Amino acid sequence: MQQTAALLDMVKSATFADFKAQVTSIGQKSFSANGPYCQVGDVCKLGSDEDHSLAQVVAVGEERVELVPLGDMHAVKPGASVTLSRDYSNFSVGDGFADRAVNAFGEPIDGKPTILSTKAPARTDQINSGQTSMAKTIVSKRVETGVRAIDTLLPLAQGQRIGVFAASGVGKTTLVEQLSTRAQCDKVVICLIGERGREVERLWNIHARAEDSAPVTVVAATSDEAPSVRIRAMQQALALCEYWREKGEHVVFFVDSVTRLAMALRDIGLAAGEPPALRSYTPNVFTALPDFVERCGAISGKGAITAIITVLSETDDVDDPIAETMRSLLDGHIVLSRKLAERGHFPAIDVRASISRVADQVLTNAQQESARRLKANIAVYEEARAMIESGIYQSGASEEIDRAVALWPKTQEFLMQSGSARSTLAASDGALSQVLAGGGAI
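Here the structure is a predicted model, which is why all the values come from computation and not from measurement. Here the residue numbering is sequential within each chain, running from 1 through the sequence in written order. Totals for whole chains, interfaces and linings use all residues, but because this is a predicted model, local features are given only for residues with pLDDT of at least 70 and pairs of side-chain atoms are given and counted only at 80 or more. Side-chain metrics rest on all non-hydrogen atoms present in the structure, leaving aside hydrogens and water.

Enquirer: Kindly report on the side chain of Ser-423, identifying the contributing residues and their values.
Expert: Along the chain, Ser-423 turns up in the loop between helix H13 (399-415) and helix H14 (425-436). Among the polar contacts made by the side chain of Ser-423, one reaches the side chain of Ser-428 at a distance of 2.8 Å. Residue contacts are defined here by distance: any two heavy atoms, one from each residue, within 4.5 Å place the two residues in contact. Those residues in contact with Ser-423, other than ones at most four positions away along the chain, are Glu-144, Gly-146, Arg-148, Asp-151, Gln-417 and Ser-428. Helical segments are the DSSP runs of H or I of at least four residues, strand segments are the runs of E of at least two, and each set is numbered from the N terminus. Any pair of N or O atoms that falls within 3.5 Å is considered a polar contact. Within protein, one atom must be able to donate a hydrogen and the other to accept it, and sequence-neighbouring residues count only if both atoms are side-chain atoms.

Enquirer: Account for helix H9 (residues 321-329), with residues named and values stated.
Expert: To sort residues, take the accessible area from a 1.4 Å probe on protein chains only and compare it with the maximum for the residue type: under 20% means buried, over 50% means exposed, and anything in between is partly exposed. Taken together, the buried positions of H9 are occupied by Pro-321, Ile-322, Ala-323, Thr-325 and Met-326. Buried residues along H9 sit against strand E13 (161-166), helix H7 (258-271), helix H8 (283-294) and strand E18 (304-312). Where H9 starts, the residue carrying a side-chain oxygen 3.1 Å from the main-chain nitrogen of Ile-322 turns out to be Asp-320.

Enquirer: Describe the pairing of strand E4 (residues 52-60), with residues and values.
Expert: Should DSSP find at least two bridges between two strands, the strands are taken to pair. As paired elements, strand E3 (residues 43-47) and E4 share five bridges and run antiparallel to each other. Following the sheet pairing, Gly-47 is matched in E4 by His-52. Taking the residues that link successive antiparallel strands as the turn, the E3-E4 hairpin has four residues. Where E4 folds back on strand E5 (residues 65-69), the antiparallel hairpin that results is connected by four residues.

Enquirer: I'd like a rundown of the pattern of salt bridges, residues and numbers included.
Expert: Definition used for salt bridges: Asp or Glu carboxyl oxygen within 4 Å of a side-chain nitrogen of Lys or Arg. According to the stated counting rule, one finds 18 salt bridges in the structure shown. A salt bridge links Glu-195 to Arg-260; the shortest N-O distance between them is 3.9 Å. Here Glu-195, found in strand E14 (residues 187-195), pairs with Arg-260, found in helix H7; they are 65 residues apart in sequence, far enough to count as distant. Through salt bridges that share partners, Arg-161, Glu-294 and Asp-331 make up one connected network.

Enquirer: Report on the sheet that holds E5, specifying residues and quantitative values.
Expert: With antiparallel pairing, six strands are arranged side by side around a closed barrel as E1-E2-E5-E4-E3-E6. Geometrically, the sheet is characterised by an average inter-axis angle of 45 degrees between neighbouring strands, direction not taken into account. Alignment of strand E1 (residues 20-26) against strand E6 (residues 81-84), held across three bridges, turns out to be antiparallel. What sits directly across from Gln-22, in E6, is Ser-81. Orientation is described by axes fitted as lines to C-alpha atoms, over the contacting stretch for helices, and by angles from 0 to 180 degrees between their N-to-C directions.

Enquirer: Any chance you could break down the nonpolar core for me, citing the residues and the numbers?
Expert: Counting 56 residues, the largest nonpolar core has Met-234, Phe-253, Leu-261 and Met-326 as its most contacted members. Every residue in contact with Met-234, bar those within four places of it in the chain, is listed here: Cys-191, Ile-193, Phe-253, Val-255, Leu-261 and Phe-292. Put simply, buried Ala, Val, Leu, Ile, Met, Phe, Trp, Tyr and Cys residues joined by side-chain atoms within 4.5 Å make one nonpolar core. If you look at the next biggest cluster of nonpolar residues, it comprises 53 residues, including Ala-149, Leu-192, Val-351 and Val-380.

Enquirer: Can you explain H14? Please cite residues and give values.
Expert: An α-helix turns once every 3.6 residues. As a result, residues three or four positions apart point the same way. One less than the number of residues in a helix, times 1.5 Å, gives the span that helix is expected to have. Taking 1.5 Å of rise per residue, the twelve residues of H14 would be expected to cover 16 Å, and the 17 Å separating its terminal C-alpha atoms lies within 8% of that figure. Buried within H14 are the following residues: Leu-425, Ser-428, Asp-429, Ala-431, Leu-432, Val-435 and Leu-436. The buried residues of H14 occupy an angular sector of 160 degrees when the element is viewed end-on, so they sit on one face. Residues of H14 that are buried make contact with strand E11 (139-142), helix H3 (148-153), helix H12 (365-390) and H13. Looking one or two residues beyond H14, the residue adopting positive phi is Gly-438, at roughly 70 degrees. By arc we mean the arc of the directions from the helix axis to the C-beta atoms, nothing more.

Right, here's the structure in full:
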């Protein structure tokens, strides 16, 4: 009986004929066809099996389908055949992706052999498909990043989603490199969206040389690739993360950057005919970003996806619409400061402007008090910095300022950390206690 039921399910899901359509009109960045039978997000093949191009469906109307190319448009010609591609409409997953670098289609770009994989739909978990959102949770366990300022003052919990906010040139990518080689987890997945090709190679080489790091998978779509390919890179990376989470593993997921993803989504929205809205971003941008964020996190009884997402701000004030949207979606934010970077202070984390919304779930009361005291000392010193550095302030005028001044050199030593340095949780907690006690070298 069970075999009969399985056979019936297989027959129901099988397709015995391809629905072919034809290209009816061609635009600058998109084109239309009179089919095939499909839905938004599906991938279609244009031309013959021997010479074809790929395109993604972005809009479906009563009489036409709107598509954007996934690469070059050499096969996009009036009357060219359009067929639904089931292979490319799904995503490649499997344990073979560990310690590999792939493109948005799950194909190797590291010069190594083809990866043995299985196909999975765009969403391999079913949390948002009928199951309750109460299955999502935060694991009350600190994720060791090896960076003192983060592990003690802005701690990460398993399943947390946090953003790294910064304008260009203040060490955002360097911090991602530092965190991704030191994070304690089962798997690391890095999604590079709209990056330069040399940055992809550099990051891959850094991980190839790294010792004692978790298995890493790099999914890359460079800046010269089509917007639909850059979006697919995010979907491919998430499919891998969800595959490992379903197996009960803890995955640390890096996205660099969500701003370039938003730009790609905007291009797709415009191609689909959506009107530009806030700062020329189309409505689909503000629909897709929450979905991507909510797919991360921990699931009760299974694994966790801890997401570290970089947000490229238009200005140093971190006030553009994508940054503001991500602030409202994430469980905390790490703000990088250009002023600190110009002083040679790396990582350039502005502790006062940053926050972890789950710190109380992963730190003991004593650890929370230590973090509070150090942050208070930093705030006091920064508020009095002009008076201190100009010589206006006289010692003894304020007990709080005197203490902040006394602890300032050790505070700076604690917060600054070279890219090659690594600190365990115990060492970081001990170093913070030394700073507050006015102790010796860290």
